[in-house]
Amino acid sequence: MTTRLHASDLAAQLADGSVTSVEATQAQLDRIAMVDGDLNAFLHVDAEGALAAAADVDARRAAGETLPTLAGVPIAVKDLINTTGQPTTAGSKILEGWIPPYDATVVARLRAAGLPILGKTNLDEFAMGSSNEHSAYGPARNPWDTGRIPGGSSGGSAAAVAAYEAPLALGTDTGGSIRQPGAMTGIVGVKPTYGGVSRYGVIAMASSLDQVGPMARSVLDAALLHEVIAGHDPRDSTSIDAPVPSVVEAARRGDVAGLRIGIVREFGGEGFQPGVQRRFDEAVAKLAEAGAEIVDVSCPSFQHGIAAYYLVMPSEVSSNLARFDAMRYGLRVTPEGNPSPSAEQVMAATRDAGFGDEVKRRIILGTYALSSGYYDAYYGSAQKVRTLIAQDFSAAFGQVDVLFSPTAPTTAWRLGEKSDDPLAMYLEDVCTIPANLAGVPGISVPIGLADDSGLPVGGQFLAPAQADDRLYNAGAALERLVPAPVLEEVAR
Amino acid sequence: MNAATKTPLVPFDEALTRYEPVMGLEVHVELGTNTKMFCGCATEFGAEPNTQVCPVCLGLPGALPVVNAKAIESAIRIGLALNCEIAEWCRFARKNYFYPDQPKNFQTSQYDEPIAFDGYTDVTLPSEDGGDGEVYRIEIERAHMEEDTGKSLHVGGATGRIHGADHSLLDYNRAGIPLIEIVTRTIEVPGDKAPLVARAYVNQLRDLMVALGVSDARMDQGSLRADVNLSLKPVGSSTLGTRSETKNVNSFRSVERAVRYEVGRHAGILDAGQKVVQETRHFHESDGTTSPGREKSDAEDYRYFPEPDLAPVAPSREWVDELRGTLPEPPSERRKRLQAEWDFSDLDMRDTIGAGALELVATTVTAGAAPQAARKWWLGELARRSNDTGVDLADLPITPEQVAGVQALIDAGRINDKLARDVFDGVLAGEGTPEEVVAARGLEVVSDDGALGDAVDRAIEANPDVADKIRDGKLQAAGALIGAVMKEMRGQADAGRVRELILEKLS
């Protein structure tokens, strides 16, 4: 059964002809048909398009063409990323049924590398949330326990990969939205260096923080996908014009002997679930046994990360989401009892009907934070905190090669458990947010199941900007030392 | 209904006895780049609606801007030509407001970090006799880059405005075209000069943009548009009044009229003890009045913040210096130099500039024609055809080089002035170059003595009484015989040689 294979192993089988891409793709489609009713990981499945792409790869391979490594390996794409021929909704009613007229650069690169796109995965509306409960199309569910959240906002991609619906998926990470759901579903998730992967065609949540990245069941798989999507894009002026670090090579190496690993003092203890903390401490011990040098480091500004994030992010959100105004695409709602509304009234009625509560909450927060008279106190101060956090990272990376922490303070919680307390939910991103504020890369790797909840726990490595290869090296080493927990079957 | 609109207008001169106008001008210039400010779409004027658009300029979800380097270059050259400082590092900002014309509902602009700032330009008013009069220095606060919005067309109503229309159409071809906004500081001139200075300043900016080659700066097509900010303060007072902003005034004359009208309107409101409302206003070409547009309340808040999708702009000093070397001679100095070189009177020069023919004449002269000849054709024959057809002089299908070519044919004696008009006909009709038209239409002057002699003989024979007068020494009568020969030869006779032959034969 190919659905349980790692992408690297499937790629090898495709290359030696023991399986075709059409067979592998069909197996994934069958798996989706079997389990997605329980998971709601996919918002749209494109069987026809995926099989056509698979058949094309098979034909080219049969003709003797040399193909890219992952050619023929199917993939799922977060529904925040534009795909021609398939809807892109951003998990919102305001874009229901919208089919983009252009592919995101990352999607174009997937197509060029021959990866059949299975469909579009569920997410918190416009990527706003840490639980996937804010999707307008219902929550995605955690395959380890379908009564629980898969994490957010790339919860659909995480659930799809964890439940063997797809070997690979793309997510986006603005404050931890790849790493946190990766941790909660027991898979690998990577937020590349800001600017390392093009954002062109990825619906913006907060432009200065958003980053597309790979989600997979092994570090090597994530690295293989990373190399497909990364690299300079002239259409994105924040894209880095430099060679992509050799992440695949690093993932194959996986050696921490002599590596200096910093443990961030501020990420642990109070507020961290004991079961999470125990797995983390064990992981640290194993890294030390394997020859890593463990160094205690302090990053005092990280404690202000959430506060800064919840000013910068909604400010950009309020502006980025202004384009959803019913004038050119998407939903249009005419206000009731008003036969000849003004353009402004149509915009207001549409945005009221089309956006969910969390989106509205952030738009209002951002509008307030940017308004004259408050700009300096809020947005301006938050930018200063960003600078301090970047300085903390620089100082830490002066002492150590990578930082290591739990990815999230808790394991997956029950659906609805934190819905009435947005602030409690925001705290789930405490360990992941600093990387987005500073633009540095991060990886979450499974480090076992928490003994107090029986659910997956993730460990996070952080590295300096453009040193993504260090993450893959450390992550691959950890993966060998602490094998990922294996999901037997979707648990109801 | 705004109570202020009911107050009577005060005549301009009378208003100045009690109030001093405080004026500032904001001029938007559409840059003539081949592509838009943040994407590769074409910028051609007048294309079919929504044919020059892409995900970026339509603001589609996921689209990202990339700065047009040519627009930055133009902005720097404009800044340098206006004696501005050029920022070593600057950023774009988002100006957030909802408007259907605006695809993203924010305009990518520059806010507190403009690319050019702290400059000036000197404008010269014409004197009574058409020469140079007083010179006023206009201080430039800033020149910043931004993108244009789309255009809406409101269909089904009587006025063409959104009110009463049954639907609206949006054309985003213009959305994303690069703009430079040039903002003056308060213009310090005597009140009675304010309208003239405003006009002269905008005129000078137009000339400068054309000389820099950064924009066609056509006010009639909206590629250069002026906003007139005006308030009044009581004479001798230093308290600033409430200002109005008259938007998108689109001719030099209208700039002058808008200032005059607003002075009278504000004075009327203040005389009646009422308050001027801070608002934007529309100018009406037909009667020179303004009417209220959008009210600008204090609550208007654009929520500017640095555009996170664009890398900062940091022009190197070497590049700025290099661009400084590409600046043209300032238009006012160039005009003085050309007037001296061409030996034009003040009046000749003023007419040439007024006809929008300065560049055409200059290029024609460069191509070899004598200045007066170049002026004669452009302001005479070709201006007439421009009037007849409604096609702008510069847009007539004839180049200055071709006009110089026609004059060269005259100078060589191969055609005369009358034949030249036929040559223009041919060139304008697309029949080719002047040489080709002459050849195809057989327009060369005949100076062959055989053919001319025969024609002269027939003219003498047909007009014996005229011939007698000439024999009697009344040489001015020769004109009638010349005319007869010309008529017979359909204008193609060499008039000078005809005259000589007549006198030879009748002496």
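Quick caveat: nothing in here was measured; it's all calculated off a predicted structure.

What's the story with unusual backbone geometry in this structure? I'm lost.
Negative phi values dominate among residues other than glycine, just as trans dominates among peptide bonds. Residues and elements named next belong to chain A. Here the amide bond leading from Gly152 into Ser153 is cis, since omega sits at 0°, within 30 degrees of zero. The topology assignment puts Ser153 in the loop between strand S3 (117–121) and helix H5 (155–162). One non-glycine residue, Gln466, adopts positive backbone phi at about 70°. Mapped onto the elements, Gln466 comes out in the loop between strand S11 (456–462) and helix H16 (468–481).

Help me understand the interface of chain A and chain B in this model?
Interface size, as often reported, equals the accessible area lost upon joining of the parts. On the side of chain B, 31 residues touch chain A, which itself brings 39 residues to the contact. For the pair chain A and chain B, the two sides together bury roughly 2700 Å², of which 59% comes from carbon and sulfur. The largest per-residue losses of area from chain A upon contact with chain B belong to Ser237, Arg323 and Arg328 of chain A, which jointly make up 23% of the total buried on that side. For Arg199 of chain A, the salt bridge goes to Asp309 of chain B, with nearest N and O atoms at 3.0 Å. The interface formed by chain A and chain B contains 19 residue pairs in polar contact (both at pLDDT 80 or more). Of all the secondary-structure elements, those providing two or more residues to the side of chain A that touches chain B are helix H10 (305–320), helix H11 (343–354) and helix H12 (357–370) of chain A. Of the residues contributing to the side of chain A that touches chain B, the split by class is 18 nonpolar, 13 polar and eight charged.

Would you explain H5 of chain A in this entry?
The α-helix advances 3.6 residues per turn, and as a result positions three or four apart in sequence lie on the same side. Residue and element names in this part refer to chain A. The buried fraction of H5 is high, at eight of eight residues. Within H5 the residues assigned to the buried category are Gly155, Gly156, Ser157, Ala158, Ala159, Ala160, Val161 and Ala162. Of the residues one or two after H5, Tyr164 is the one with positive phi, at around 65°.

Sorry, what's going on with the sheet that holds strand S8 (residues 293–297) of chain A here?
Strand pairing in a sheet is mediated by backbone hydrogen bonds. Such pairs are either parallel or antiparallel. Residue and element names in this part refer to chain A. The strand order S1-S3-S2-S4-S6-S5-S10-S11-S9-S7-S8 describes an open sheet built from 11 strands, whose pairing is mixed. Pairing within the sheet leaves two strands with one partner each, and these edge strands are strand S1 (42–45) and S8. Taken pair by pair, the neighbouring strands of this sheet meet at an average axis angle of 25°, ignoring direction. Across three bridges, strand S7 (residues 260–264) lies against strand S9 (residues 402–406) in parallel orientation. Following the sheet pairing, Ile261 is matched in S9 by Val402.

Whenever I open this one, the packing of helix H10 (residues 400–411) of chain B against helix H12 (residues 434–441) of chain B confuses me. Can you help?
All names here are of chain B. Where H10 meets H12, the closest approach of the two axes is 9 Å, and the angle between their N-to-C directions is 55°. The angle between H10 and H12 falls in the class oblique. Judged by residue contacts, Gln402, Val406 and Leu409 of H10 engage Pro434, Glu435 and Val438 from H12. Looking at side-chain class alone, the contact of H10 with H12 contains four nonpolar, one polar and one charged residues.

Teacher, can you tell me more about the sheet that holds strand S4 (residues 106–109) of chain B here?
Ordered in space as S4-S3-S14 (chain B), the three strands form an open sheet in which the pairing is antiparallel. Two strands bound the open sheet, and with one partner strand each, they are S4 and strand S14 (305–306) of chain B. Judged from the two bridges that link them, strand S3 (residues 93–96) of chain B and S14 of chain B form a sheet pairing that is antiparallel. Bridging from a neighbouring strand, Arg94 of chain B pairs with Phe305 of chain B of S14 of chain B. Sheet contacts for H10 of chain A: S3, S4 and S14 of chain B; angle to S3 of chain B, the most-contacted strand, approximately 60°.

About the cut-offs
- Residues numbered from 1 in each chain as written.
- Chains lettered and ligands numbered in written order.
- Predicted model: local features only at pLDDT ≥ 70, side-chain atom pairs only at ≥ 80, totals over all residues.
- Heavy atoms only, no water.
- Helix = DSSP H or I, 4+ residues; strand = E, 2+ residues; numbered from the N terminus.
- Contact = heavy atoms within 4.5 Å.
- Buried area = accessible area lost by both parts, 1.4 Å probe.
- Salt bridge = Lys/Arg side-chain N within 4 Å of Asp/Glu carboxyl O.
- Polar contact = N/O pair within 3.5 Å; in protein donor to acceptor, adjacent residues only side chain to side chain.
- Nonpolar A, V, L, I, M, F, W, Y, C, P; charged D, E, K, R; others polar.
- Buried < 20%, exposed > 50% of the residue type's maximum accessible area, 1.4 Å probe, protein only.
- Pairing = 2+ DSSP bridges.
- Axes fitted to C-alpha atoms, helices over the stretch in contact; angles between N-to-C directions.
- Parallel < 35°, antiparallel > 145°, perpendicular 65-115°, else oblique.

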